[in-house]
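So you can see what is in the structure, the chains are spelled out below.
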Amino acid sequence: MVYGRDSDATDAGQLSGRHSLSRSGSATNLDDVFDDPAHGDVGRDRLGVHFAWEGVLLLGAVVLAYLLYANYRDVVTGAALKDLLVLGSVLGMLALGAAITLRVAAPNLALGSIAMASALYYAKHGGDNIITSSITPIAVAMGLGVGIAILVVGFHVPGWAASLVAMLVTIAWIKNQFPSSISVNGVFDPSNRAYYLFGAFAVLSVVAGLLGLIKPIRRGVGRFRPIADPALRRGGLAATVTALGLVLSSGLAATAGIIMATMLDSAGKPVDPSEGIELTALAVGAALVGGVSAFGRRGGVFGTILGTVLIVLLMTYGDRAGWRISEFVLAAGALTTGLIVTRLVETFGRPLELGGPEDWSDVGVGATTTWSTTSTSDDPWSGLSSAPSSPPPTTTTTTQWGDTDRWR
């Protein structure tokens with residue numbers, strides 16, 4: 001093969017695949033792109049796979065809820081139901097933070113450690129007023145999110161790597177400041193506001209999912225998703241959206257940690273220092289199970305809520321049934337399932353391929369279309385003859401495949 005200028009151009013076009021087709025598409029086509037218009041696939045993400053999977057999750061949650069009600073009714077009624085909602089709020093806030101950072105293609109692995117650090121800080125410094133006592137840990141957590149964002153968007157490195165640094169720093173602080181368990185210094189009982197807490201998480205999650213259905217927002221959120229060379233910078237919009245996602249997720253993690261501390265206090269338990277790795281794994285697992293893609297941008301509307309509910313119900317049922325399943329094992333199962341869901345979402349959620357049997361992207365957009373055959377005959381219908389045709393002349397073969405010396 002000759003690696004001349006024309007060959008390089010051809011190879012580059014082949015490597016870019018469908019992305020090169022979208023760049024040459026019309027403005028009308030690019031308006032339907034749910035990725036970066038300069039690089040994305042022509043056509044919208046197909047959201048049907050998300051809604052279908054959310055239906056499966058809903059069915060699973062209903063079945064588990066029924067089993068709990070049938071076998072352990074006291075868990076899903078009365079005061080125990082409020083405690084279950086508070087637990088769902090804690091995991092839900094973490095899962096929402098994970099879903100946000102996954103969709104901006106910069107997963108934050110420091111969520112669980114931030115939550116644990118915030119819980120310990122609140123347990124030691126909390127007072128009668130939960131709002132004023134929560135300002136400091138939330139502000140510090142968001143400041144840590146700013147640090148992660150500087151690494152991610154400033155140096156254009158993967159979010160998981162930058163947040164791993166933040167996780168290690170947070171764990172070091174926890175081990176240095178809290179060598180043993182600490183009782184909560186506060187009087188807030190979250191069970192009295194369980195419905196409000198879980199409702200706040202549910203509303204935030206649904207609103208975020210609905211906003212993600214809007215084409216310009218979805219396109220902006222997905223710009224940090226790697227395409228072609230992942231080292232290529234994606235512009236100021238990508239940097240801003242990704243940075244905001246990291247900061248917001250850190251604030252949500254701190255909020256979850258504070259609620260967790262008050263939940264333990266209402267149960268008469270101290271806060272035991274830990275790295276928070278299992279919290280991160282459960283949160284990311286819930287987001288992935290809910291249908292958020294591990295590659296970024298793609299996600300549904302109700303998936304994060306349903307994934308959280310499913311994990312909380314499974315944890316509760318396993319605890320009452322005496323299964324003795326470790327949180328790490330449960331998180332590993334959720335992550336494995338979530339990665340399989342990611343493959344489904346990426347396979348069935350991508351736009352239809354240009355030139356495929358169902359490609360209608362060139363209809364009505366002003367593109368020049370020709371219906372002539374490749375025959376050089378003056379008769380435009382000669383190519384449709386049912387009679388067998390003779391082999392094409394040698395000159396035609398040479399024109400189609402080029403100089404045969406190039407393949408020697």
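Quick caveat, the model's predicted, so the values are computed rather than measured.

**Notes on the layout of surface pockets**
Quantified by volume, the largest pocket comes out at close to 1000 Å³. Contributing to the lining of the largest pocket are 35 residues, with Leu87, Met263, Lys269, Met315 and Glu327 lying nearest its centre. Here the residues of the lining of the largest pocket sort into 21 nonpolar, six polar and eight charged. Counted as a void, the second largest pocket has a volume near 640 Å³. The wall of the second largest pocket is formed by 31 residues, among which Ile100, Ala208, Leu211, Val221 and Leu248 lie closest to the centre. Only helix H5 (78–103), helix H9 (194–211), helix H10 (215–221), helix H11 (236–266) and helix H13 (303–321) provide two or more residues apiece to the lining of the second largest pocket. No other element matches H9, which puts six residues into the lining of the second largest pocket.

**Side note on the packing of aromatic side chains**
Inspection of the entire model under this criterion finds four aromatic pairs. Considering the side-chain rings of Trp173 and Phe178, the 5.4 Å spacing of their centres and the 70 degrees angle between planes classify their relative orientation as edge-to-face. Take Trp173: its relative accessible area is 34%, and that puts it in the partly exposed class. Taken together, the ring pairs connect Tyr72, Tyr317 and Trp323 into an aromatic cluster.

**Things to note about the side chain of Thr304**
With respect to the helices and strands, Thr304 occurs in helix H13. Setting aside residues no more than four positions away along its own chain, Thr304 makes contact with Ala95, Leu96, Ala99, Phe201, Ser205, Gly290 and Val292.

**A look at helix H6 (residues 111–125)**
Here H6 is 15 residues long and its end C-alpha atoms lie 21 Å apart, about the 21 Å a rise of 1.5 Å per residue gives. The buried count for H6 comes to 12 of 15 residues, which makes it a mostly enclosed element. Those residues of H6 hidden inside the fold are in contact with H5, helix H7 (130–154), helix H8 (159–177), H11 and helix H12 (277–289).

**Some points on H8**
When the terminal C-alpha atoms of H8 are compared, their 27 Å separation across 19 residues agrees well with the 27 Å that a helix rising 1.5 Å per residue should span. Taken together, the buried positions of H8 are occupied by Gly159, Ala162, Ser163, Ala166, Met167, Thr170, Ile171 and Ile174.

**Quick notes on the nonpolar core**
The biggest cluster of nonpolar side chains holds 66 residues, and the ones touching the most others in it are Leu94, Met116, Leu120, Val152, Met260 and Val271. Elements with a minimum of two residues in this core: H5, H6, H7, H8, H9, H11 and H12. Setting aside residues up to four positions removed in sequence, Leu120 forms contacts with Ile174, Phe178, Ile182, Val271 and Pro273.

**Things to note about the pattern of salt bridges**
This model, assessed by the stated rule, comprises four salt bridges. With a shortest N-O distance of 3.1 Å, Glu275 and Lys175 are connected by a salt bridge. Taken as a pair, Glu275 in the loop between H11 and H12 and Lys175 in helix H8 lie far apart in primary sequence, 100 residues in all. Among the residues examined, Glu275 registers a relative accessible area of 30% and is labelled partly exposed.

**Side note on the confidence of the model for the protein chain**
Mean pLDDT over the protein chain: 81, with 75% of residues reaching 70 or higher. Contacts for the low-pLDDT stretch residues 1–35, under 50 throughout, to residues beyond four places or in other chains number 61 contacts.

Thresholds applied
Residues numbered from 1 in each chain as written. Predicted model: local features only at pLDDT ≥ 70, side-chain atom pairs only at ≥ 80, totals over all residues. Heavy atoms only, no water. 1 Å grid on protein atoms, 1.4 Å probe; cavity = no way out; pocket = protein on both sides within 12 Å on 5 of 7 lines; lining within 4 Å. Points joined across faces, edges and corners; volume = space filled by probe spheres on them. Nonpolar A, V, L, I, M, F, W, Y, C, P; charged D, E, K, R; others polar. Helix = DSSP H or I, 4+ residues; strand = E, 2+ residues; numbered from the N terminus. Phe/Tyr/Trp six-rings, centres within 6.5 Å; stacked < 30°, edge-to-face > 60°. Buried < 20%, exposed > 50% of the residue type's maximum accessible area, 1.4 Å probe, protein only. Contact = heavy atoms within 4.5 Å. Expected span 1.5 Å × (residues − 1). Core = buried A, V, L, I, M, F, W, Y, C linked by side-chain atoms within 4.5 Å. Salt bridge = Lys/Arg side-chain N within 4 Å of Asp/Glu carboxyl O. pLDDT = per-residue confidence, 0-100.

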